[in-house]
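# Observations on chain architecture
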Amino acid sequence: LFFRAAAGVTLTEAGRGLLVVVSEAIGRMEAATSALVDPKGPPLVVGVSLTLSAGWLAPRLTKFLSENPGVQLQIRSMIGRPEVPPRNAKLWIAFGQPPPGTESTLLFGETLVPVASPEIAASITTPDEMLKSVLIEVPDHQKNWAQLLGRDFLPEDTQTLNVDTSLAALSLASAGSGIALARPPATNDLTERFGLVPCLADLEHAGIEEYHILANSGQRLGAQAVAFRDWVVSEARKTDLTRYGR
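To start, this report covers the structure provided alongside it. As the structure is a prediction and not an experimental result, all values here were calculated from the model. (Residues numbered from 1 in each chain as written. Predicted model: local features only at pLDDT ≥ 70, side-chain atom pairs only at ≥ 80, totals over all residues. Heavy atoms only, no water.)

### Here's the deal with the overall build of the chain
Quick note on the threshold: Numbering of helices and strands runs from the N terminus, with a helix taken as a DSSP run of H or I at least four residues long and a strand as a DSSP run of E at least two residues long. Partly exposed describes any residue whose relative accessible area lies between the buried limit of under 20% and the exposed limit of over 50%, with all areas from a 1.4 Å probe on protein chains only and scaled to the type maximum. Here a residue-residue contact requires only that any non-hydrogen atoms of the pair lie within 4.5 Å. For the area figures, the Shrake-Rupley method with a 1.4 Å probe applies, and any residue is considered shielded solely by the protein chains shown.
In terms of helices and strands, the chain carries seven helices and 13 strands. Of all 246 residues assigned to the chain, the portion counted as buried reaches 43%. Contacts in the chain between residues far apart in sequence, at least 24 positions, make up 79% of those at least 6 positions apart. Here the chain displays about 13,000 Å² of accessible surface, and carbon together with sulfur accounts for 55% of that area.

Now the structure itself:
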């Protein structure tokens with residue numbers, strides 16, 4: 001398990017593999033011991049990508065809390081890229097490639113779908129007709145609009161509205177301000193709540209990045225963190241990945 005040298009002791013590959021398993025088990029024991037002293041224990045801080053927090057996690061969270069009444073949960077939204085977790089977060093759910101030094105579990109990817117109010121969507125019969133409307137952009141999605149429409153670049157006279165989050169984009173689309181890009185399955189609940197519908201039945205673009213739930217490598221996760229992580233993974237496995245599903 002160890003390499004012994006004059007400068008100290010380091011883990012072998014087998015030792016690093018065992019560390020992950022042992023750390024989790026020790027974390028469970030520490031959490032159980034702490035609960036004897038302080039039944040509530042420290043809160044579990046979880047960072048979550050804003051889009052996923054509002055559009056996927058929020059509708060499901062009541063179920064977790066009812067099944068785990070002893071968990072003191074604090075959700076902290078993460079905005080921007082890269083998505084940086086709160087300093088005291090045991091877990092975080094982020095979009096994109098997992099950074100070095102983390103242990104991650106894949107949840108799901110995304111599909112980009114143009115959505116609008118029913119009135120605007122009904123007026124569109126071809127992809128090019130969307131160029132007559134305002135295209136609501138999030139910085140990470142500017143290239144996606146061109147790809148979705150089969151172009152290298154959008155025409156110079158395309159009217160766009162730039163906002164900082166998908167949540168803002170969908171809200172503006174709901175108000176009739178233009179066309180936004182939904183990101184199912186993460187935004188399925190939001191598009192339904194905002195009354196948005198796809199502009200064309202078969203127009204979509206597969207995303208190239210995915211959502212993961214992460215923790216720092218070698219970190220000892222307590223019972224609350226393990227319970228939340230396992231629940232999130234289970235809910236992700238049950239999620240309908242189609243753009244119309246929940």
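Having seen the structure, we can now continue with the description.
### Things to note about helix α5 (residues 166-174)
Keep this limit in mind: In this description, the arc belongs to the directions extending from the helix axis to the C-beta atoms.
Listed in full, the buried residues belonging to α5 are S166, A169, L170 and A173. Taken around the axis of α5, the buried residues stretch over an arc of 95°, which confines them to a single face. Buried residues along α5 sit against α2 (50-67), β7 (111-116), β8 (135-137), β10 (180-182) and α6 (188-193).

### Brief notes about a nonpolar patch on the surface
Selection criterion: Candidate patch residues must exceed 30% relative accessible area and have no salt bridge, after which like charges are joined if within 9 Å and Val, Leu, Ile, Met, Phe, Trp or Tyr side chains if within 5 Å. Counted as salt bridges are all cases of a side-chain nitrogen of Lys or Arg within 4 Å of a carboxyl oxygen of Asp or Glu.
A cluster of nonpolar side chains, namely L1, F2 and V9, defines an oily patch on the protein surface of about 300 Å² accessible area. Inspection of the secondary structure assignment puts L1 in the segment before β1 (2-5). Looking at L1, the relative accessible area reads 51%, which means it is exposed.

### A short note on the packing of aromatic side chains
Going by this rule: Geometry of aromatic contacts follows a simple scheme: Phe, Tyr and Trp rings, the Trp one being its six-membered ring, pair when their centres are within 6.5 Å, and the pair is stacked under 30 degrees between planes, edge-to-face over 60, tilted otherwise.
Counted by the stated rule, this structure contains six aromatic pairs. Look at F64 and F228: their rings are 5.1 Å apart centre to centre, the planes differ by 90°, and that puts the pair in the edge-to-face class. Here F64, found in helix α2, pairs with F228, found in helix α7 (residues 223-238); they are 164 residues apart in sequence, far enough to count as distant. In this pair, the class of F64 matches that of F228, namely buried. Seen in terms of ring centroids, F95 and Y211 are 4.8 Å apart; in terms of plane orientation they differ by 50°. Their pairing is tilted. Here Y211 lies in strand β13 (residues 211-216) and F95 lies in strand β5 (residues 91-95), a separation of 116 residues in the sequence.

### Looking at the pairing of strand β3 (residues 44-49)
We count it as follows: By the convention used here, strands pair only if DSSP detects at least 2 bridges between them.
Across the six residues of β3, six count as buried, placing the element largely inside the fold. Burial along β3 is two-sided: the face carrying L44, V46 and V48 and the face carrying V45, G47 and S49 are both buried. As judged from the six bridges shared by β3 and strand β4 (residues 73-78), these two strands associate in the parallel manner. In the strand pairing of β4, V48 is matched with S77.

### Observations concerning the pattern of salt bridges
In this structure the tally under the stated criterion is seven salt bridges. Note that R183 and E110 form a salt bridge whose closest N and O atoms lie 2.6 Å from each other. On the criterion of sequence distance, the pair formed by R183 in the loop between β10 and α6 and E110 in the loop between β6 (102-108) and β7 is long-range, its members being 73 residues apart. This pair shows no difference in class: R183 is buried, exactly as E110 is. For D230, the salt bridge is made with R229, and the minimal N-O distance between the two is 3.2 Å. When its relative accessible area of 39% is taken as the criterion, D230 is described as partly exposed.

### Regarding unusual backbone geometry
The linkage connecting P184 with the following residue, P185, adopts the cis geometry, with an omega of 5°. Tracing the backbone through its elements, the reader meets P185 in the loop between β10 and α6.

### A look at the nonpolar core
Heads up, the condition is: Joining through side-chain atoms within 4.5 Å is the link that ties buried Ala, Val, Leu, Ile, Met, Phe, Trp, Tyr and Cys residues into a set, and such a set is a nonpolar core.
The biggest cluster of nonpolar side chains holds 26 residues, and the ones touching the most others in it are L52, L91, L107, F228 and V232. Contributing elements (two or more residues each) for this core: β3, α2, β5, β6, β13 and α7. For this core, the element with the highest residue contribution is α7, accounting for seven residues. Residues contacting L107, with those up to four places away along its chain left out, are I93, Y211, H212, I213, V232, V233, A236 and R237. Within the second largest apolar cluster, 15 residues are counted, among which are L135, W145, L154 and L181.

### A closer look at the packing of α2 against α7
As a reminder, the rule being used: Axes here refer to lines fitted to C-alpha atoms; in helices the fit is confined to the stretch in contact. Angles between the N-to-C directions go from 0 to 180 degrees. Note on angle classes: values under 35 degrees are labelled roughly parallel, values over 145 roughly antiparallel, values of 65 to 115 roughly perpendicular, and the remainder oblique. By definition, any crossing whose near helix is turned counterclockwise from its far helix by less than a right angle is left-handed, and any crossing with a clockwise turn is right-handed. When residues are grouped by polarity, Ala, Val, Leu, Ile, Met, Phe, Trp, Tyr, Cys and Pro land in nonpolar, Asp, Glu, Lys and Arg in charged, and all others, Gly among them, in polar.
Direction vectors running N to C along α2 and α7 enclose 130°, while the axes themselves pass 11 Å from each other. Classified by the interaxial angle, the pair formed by α2 and α7 is oblique. In the packing of α2 onto α7, the handedness of the crossing is right-handed. The segment α2 lies against α7, with W56, L57, R60, L61, K63, F64 and E67 engaging A227, F228, W231, V232, E235, A236 and K238. For the contact of α2 with α7, a count of residues per class yields nine nonpolar, no polar and five charged.

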